[in-house]
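Here is what each chain is made of, one letter per residue.
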Amino acid sequence: MQSKDFERLGFNTLVTHVAKKVDRARDIVSSAPPIYQSSVFVVDSLEDLGRTEAEGPSYIYSRHLNPNHTLLEEAVAAMENGEGAVTFSSGMGAIAAAILTVCRAGDTVVASRDIYGGTYSLLMNRLSRVGIKTELVSTHDVDHVRALLEKGATVLYLETLTNPLLKVTDIEGLSRLAHEYEAVVIVDNTFATPYLVNPLALGADVVIHSATKYLSGHSQATGGVVVGRREFIEALRPVAIDLGASLSPFDAWLILLGSRTLGLRVERQSQNAMALARFLDAHPKVLKVNYPGLESHPDHRLASSFLAKGFGGMVSFEVEGELEGAAKVIDSLKLVKLVPSLAGVSTTVSHPAMTSHKALPREERIKAGIGDGLIRVSCGIEDFEDIRADFEQALASL
Ligand SMILES: *Cc1c(COP(=O)(O)O)cnc(C)c1O
């Protein structure tokens, strides 16, 4: 099947059928792909070596390209409605390569103030030292975004749903604005997943995933993917090869396997998250719940405009008693474990103030809405009643 054959298929049909042909020369289509656990490949002749190198990356050396990369790249490109994709050994590898494809010394990135901590560190601690400057904005302050774009920013860097407050980004409006100033719009779609939204369809130029999270979905692989238009992917590939953050064949295989059930998982995780958000919202010991599916969330209308299939599996909430209160609840949970990541099939919690936002000065962190009592939940696919009962007994410890 060519990728255009997939255009009219539903999401779950597409993800379970895309990327199966592994050996084009012999036309082998395996029902489950093999693992090409090889760092290097045999080339037929010197002439062939010359030709394939001129035609772009082929299966010669696995840092450049491996058949398991291709399978995952085809799958994620199809899910995101992109023309191509490049895989990486982590989400951070993907983000670094995407930015370095577009930016050079002297350029400016305008980034959401709420971006992932690793991305913040890459921009502020690493890229700043090689002359790539970053300006942080609230993406809800359109005038400020415009003013910075007017000054000639190269990239507008966004996240569809932010961590841990689940703010929603107006990708469509901001992409239109950025394109008035010829900035490239890069969207980290890790939290929302391609099942819920395709940022490219909303006008973004490049989409990034930490495949470690929902694409893989079972907390067993680390990886990243960048999706975009053909020209961008062609420019990105050599940057990826030079950076060397290449995905292992086994992890590529695991992520492809996990991605087959992305739709089913995220559908269930979104249902559980919605139900948990409602339960927490009505609980007397809970001060505040952040979930874009709740009518009380400040971005609920915007979220409803493009998240038709659900609002995602992430919820955060603030309990009474600051740090002590949060610790009591987290320590009292039995089924739900403290795990400083997200997107697995089992429900987990983390504490942003002590993990992802530890580097932020306390006052700044609290001003940003991330208090000591804030708990982040990554909803799994369990039977909701068991999750509710666990949170109910844990909150009773307060
Ligand atoms: C985890 C995460 C990343 C980084 O991905 P790694 O696979 O850990 O390198 C980037 N963005 C978001 C939104 C994430 O949650």
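Here, the structure is the one placed above.
Residues numbered from 1 in each chain as written. Predicted model: local features only at pLDDT ≥ 70, side-chain atom pairs only at ≥ 80, totals over all residues. Heavy atoms only, no water.

K.L.:
Got a minute to help me understand helix H10 (residues 249–259) in this structure?
P.N.:
Because an α-helix packs 3.6 residues into every turn, residues spaced three or four apart end up facing the same way. Burial analysis of H10 places 8 of its 11 residues in the buried class, which makes it a mostly covered element. Every buried residue of H10 is listed here: Pro249, Asp251, Ala252, Leu254, Ile255, Leu256, Gly258 and Ser259. Along its buried surface, H10 packs onto helix H1 (11–17), helix H3 (67–79) and helix H11 (262–281). (Buried < 20%, exposed > 50% of the residue type's maximum accessible area, 1.4 Å probe, protein only. Helix = DSSP H or I, 4+ residues; strand = E, 2+ residues; numbered from the N terminus. Contact = heavy atoms within 4.5 Å.)

K.L.:
When you look at the packing of aromatic side chains in this model, what are you seeing that I'm missing?
P.N.:
Think of a pair of aromatic rings as described by two things: how far the centres are apart, and how the planes are tilted against each other in angle. Applying the stated criterion across every chain yields a total of 5 aromatic pairs. With centroids separated by 5.2 Å and ring planes inclined at 70°, the aromatic side chains of Phe11 and Tyr195 adopt a geometry described as edge-to-face. Of this pair, Phe11 sits in helix H1 while Tyr195 sits in helix H8 (residues 193–196), and the two are 184 residues apart along the sequence. Judged by its relative accessible area of 6%, Tyr195 falls in the buried class. Between Phe250 and Trp253, the ring centres sit 6.0 Å apart and the planes meet at 15°, which makes this aromatic pair stacked. Of the two residues, Phe250 and Trp253 both sit in helix H10, 3 residues apart, roughly one turn of that helix. Residue Phe250 is classed as partly exposed on the basis of its relative accessible area, which comes to 39%. Among the residues examined, Trp253 registers a relative accessible area of 22% and is labelled partly exposed. (Phe/Tyr/Trp six-rings, centres within 6.5 Å; stacked < 30°, edge-to-face > 60°.)

K.L.:
Mind showing me how you'd approach the site of the ligand here?
P.N.:
By nearness alone, every residue bordering the ligand is listed as Ser90, Gly91, Met92, Ile95, Tyr116, Asp188, Thr190, Phe191, Ser210, Thr212, Lys213 and Gly223. One of the side-chain nitrogen or oxygen atoms of Thr212 is found 2.6 Å away from an oxygen atom of the ligand. Interatomic distance of 2.8 Å between a side-chain N/O atom of Lys213 and an oxygen atom of the ligand. Relative to its free-state accessible area of 380 Å², the ligand is covered by the protein chains to the extent of 91%. (Near = heavy atom within 4 Å. Polar contact = N/O pair within 3.5 Å; in protein donor to acceptor, adjacent residues only side chain to side chain. Areas by Shrake-Rupley, 256 points an atom, 1.4 Å probe, with all protein chains shown as cover.)

K.L.:
I'm lost on the pairing of strand E9 (residues 224–228) in this one. Help?
P.N.:
On any regular strand, side chains alternate: one points to one face of the sheet, the next to the other face. Taking burial as the measure, the 5 residues of E9 include 5 buried ones, the bulk of the element. The alternating pattern of E9 places Gly224, Val226 and Gly228 and Val225 and Val227 on opposite faces, both of which are buried. Sheet topology places strand E3 (residues 84–88) next to E9; 5 bridges connect them, and they run antiparallel. Its bridge partner being in E9, Ala85 is matched across the sheet by Val227. Across 5 bridges, strand E8 (residues 206–210) lies against E9 in antiparallel orientation. Within E9, the residue paired with Val206 across the bridge is Gly228. (Pairing = 2+ DSSP bridges.)

K.L.:
What exactly am I supposed to notice about the sheet that holds strand E12 (residues 337–338) here?
P.N.:
Strand pairing in a sheet relies on backbone hydrogen bonds, with the paired strands running either antiparallel or parallel. Taken together, 5 strands build an open sheet; the order of strands is E10-E11-E14-E13-E12 and the sheet is mixed. The open sheet has two free edges, formed respectively by strand E10 (286–290) and E12, since each of these has just one partner strand. The pairing of E10 with strand E11 (residues 314–319) spans 4 bridges and is antiparallel. Along E11, the bridge assignment pairs Val286 with Val319. Helix H13 (residues 322–332) contacts E11, E12, strand E13 (348–350) and strand E14 (374–378) of the sheet and is inclined by roughly 125° relative to E11. Along the sheet face, helix H15 (residues 384–395) touches E10, E11, E13 and E14 and points at about 15° away from the line of E11. (Axes fitted to C-alpha atoms, helices over the stretch in contact; angles between N-to-C directions.)

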